[in-house]
Amino acid sequence: MGIKIDSNSFIGALDKAFNLLSTENKVSQVITINPEMYAEAEINPDFKKILDEAEMVVPDGVGIKIALKLKGYNVERIPGIDFARSILDWCAKNNKPVAIVGAKEEIITKAVKNLKNETENLNIVYYHNGYFDNDNEIYEELKNAEPRLVLVALGSPKQEFFIHKAKQILSPCLMIGIGGSLDVWSGEIKRAPKIYQKLGLEWLYRTVTQPERFKRIFPALPKFLWKVITYKKGK
């Protein structure tokens, strides 16, 4: 449907990310795509361009996995929060400095504290809340900190635009949009039980426990799946 999605397994996607972290001499962007992002790309050509130019687009939302399955592709879902957490562990073991941008001040402060307590040798060289007016100031501070991994939690599509612009400014690093992951890492929001995660129903748990998410998911998800079912190449 005009959007390229990586078909790697979770382990394969991690290997690709580790390679980008270790060898690339540019800023690389990872997008963890869901149906809401697809809907945004349909109406926003600039966002579609960002998806096209990203070094990795991994299937985060369960709707993406279902859509691929409907078209005959049995692709493993890669939850963005688990993907980013695994890369943080790798950075800690391989002495790669990390930066985090996004969320409220109290949220990111708690998240950074918890991540450091949970992960030995994790080197977070910079963090900043998501409430700033001048992107260039944050880019300048990131340049001075020289992280190899930058996690950005500004919500979509803002975080994707922030990362894409950074490609022309920052030193080589891997940048990932992580949405609401900091809320979970801070302990402010409880993640779905393992059984929900395993069954791909984490979205349902979050919708029940956070009813305000209902308007975001519906009607975007059923509309997206209907478009997948009725899609014909070239039309």
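Residues numbered from 1 in each chain as written. Predicted model: local features only at pLDDT ≥ 70, side-chain atom pairs only at ≥ 80, totals over all residues. Heavy atoms only, no water.

A. Expanded view of the packing of aromatic side chains. Summed over the entire model, instances satisfying the criterion amount to six aromatic pairs. Taking the centre distance of 6.3 Å and the plane angle of 90° together, the rings of F10 and F83 count as edge-to-face. Here the residue F10 occupies a position in helix 1 (residues 10-23), and F83 occupies one in helix 5 (residues 80-93), the gap between them amounting to 73 residues. With respect to burial, F10 and F83 carry one shared label: buried. Members of the aromatic cluster, connected to one another through ring pairs, are F132, Y139 and F162. (Phe/Tyr/Trp six-rings, centres within 6.5 Å; stacked < 30°, edge-to-face > 60°. Helix = DSSP H or I, 4+ residues; strand = E, 2+ residues; numbered from the N terminus. Buried < 20%, exposed > 50% of the residue type's maximum accessible area, 1.4 Å probe, protein only.)

B. Summary view of a negative patch on the surface. A surface patch of negative charge is lined by D133, E137, E140 and E141. Of the residues examined, E140 reaches a relative accessible area of 42% and is grouped as partly exposed. (Patch = residues over 30% accessible without salt bridge, like charges linked within 9 Å, V, L, I, M, F, W, Y side chains within 5 Å. Areas by Shrake-Rupley, 256 points an atom, 1.4 Å probe, with all protein chains shown as cover. Salt bridge = Lys/Arg side-chain N within 4 Å of Asp/Glu carboxyl O. Lys, Arg positive; Asp, Glu negative; His and termini not counted. Charge placed at Lys NZ, Arg CZ, Asp CG, Glu CD.)

C. Looking closely at the pattern of salt bridges. Overall, the coordinates contain ten salt bridges when judged by the stated rule. Between K48 and D52 there is a salt bridge, with its nearest N and O atoms 3.0 Å apart. Highlighted residues: K48 and D52, both in helix 3 (residues 45-53), separated by four residues, approximately one helical turn. Assessed through its relative accessible area of 23%, K48 is described here as partly exposed. Note on D52: relative accessible area 33%, which makes it partly exposed. Here E188 and K110 are joined by a salt bridge, their closest N and O atoms 2.7 Å apart. In this pair, E188 sits in the loop between helix 9 (181-185) and helix 10 (194-198) while K110 sits in helix 6 (residues 105-118), placing the two residues 78 residues apart along the sequence. What emerges from the salt-bridge pattern is a single network uniting K26, E55 and K167.

D. Representation of helix 3 in the model. What helix 3 keeps buried is the set F47, I50 and L51. The buried residues of helix 3 occupy an angular sector of 100° when projected down its axis, which confines them to one face. In helix 3, the exposed positions that point more than 90 degrees away from the buried face belong to P45 and D46. Buried residues along helix 3 sit against strand 1 (27-33), helix 2 (35-43), strand 2 (56-59) and helix 8 (158-166). Sitting at the amino-terminal end of helix 3 is N44, which places a side-chain oxygen 3.1 Å from the backbone nitrogen of D46. (Arc of directions from axis to C-beta. Contact = heavy atoms within 4.5 Å. Polar contact = N/O pair within 3.5 Å; in protein donor to acceptor, adjacent residues only side chain to side chain.)

E. Focus on the packing of helix 3 against helix 8. It is the contact of helix 3 with helix 8, at a shortest axis distance of 10 Å, that shows an interaxial angle of 60°. Compared by their axis directions, helix 3 and helix 8 come out oblique. Between helix 3 and helix 8 lies a crossing whose hand is left-handed. Contacts from D46, F47, K49, I50 and E53 of helix 3 reach helix 8 at E160, F161 and H164. Across the contact of helix 3 with helix 8, the residue classes break down as three nonpolar, one polar and four charged. (Axes fitted to C-alpha atoms, helices over the stretch in contact; angles between N-to-C directions. Parallel < 35°, antiparallel > 145°, perpendicular 65-115°, else oblique. Left-handed = near helix turned anticlockwise from the far one by under 90°. Nonpolar A, V, L, I, M, F, W, Y, C, P; charged D, E, K, R; others polar.)

F. Region of interest: the nonpolar core. Among the nonpolar cores identified, the biggest contains 37 residues, and F83, I87, L149, L182 and W185 are the most heavily contacted of them. For this core, the secondary structure elements donating two or more residues are helix 1, strand 2, helix 5, strand 3 (98-102), helix 6, strand 5 (149-153), strand 6 (173-177) and helix 9. Per-element tally for this core: the top contributor is helix 5, with eight residues. Excluding anything up to four places from it in sequence, W185 contacts I81, A84, R85, L88, A111, N114, L115, L151 and I178. Of all hydrophobic cores here, the second largest spans 19 residues; its members include I31, M37, I64 and L221. (Core = buried A, V, L, I, M, F, W, Y, C linked by side-chain atoms within 4.5 Å.)

G. Structural context of unusual backbone geometry. A cis amide bond links S156 to the next residue, P157, at an omega of 10°. Residue placement: P157 occurs in the loop between strand 5 and helix 8. Despite not being glycine, A103 shows a phi value in the positive range, around 70°. A positive phi angle, close to 55°, is found at E146, a residue other than glycine. Classification of E146 as exposed rests on a relative accessible area of 54%.

H. Structural view of the sheet that holds strand 4 (residues 124-128). The strand order across the open sheet built from six strands is 2-1-6-5-3-4, with neighbouring strands paired in parallel fashion. Looking at strand neighbours, the two that pair on one side only are strand 2 and strand 4, the edges of this open sheet. On average, each strand axis in the sheet is tilted by 15° relative to the strand beside it, whichever way the strands run. As paired strands, strand 5 and strand 6 are joined by four bridges and run parallel to one another. Residue pairing in the sheet places V152 in a bridge with G177 of strand 6. (Pairing = 2+ DSSP bridges.)

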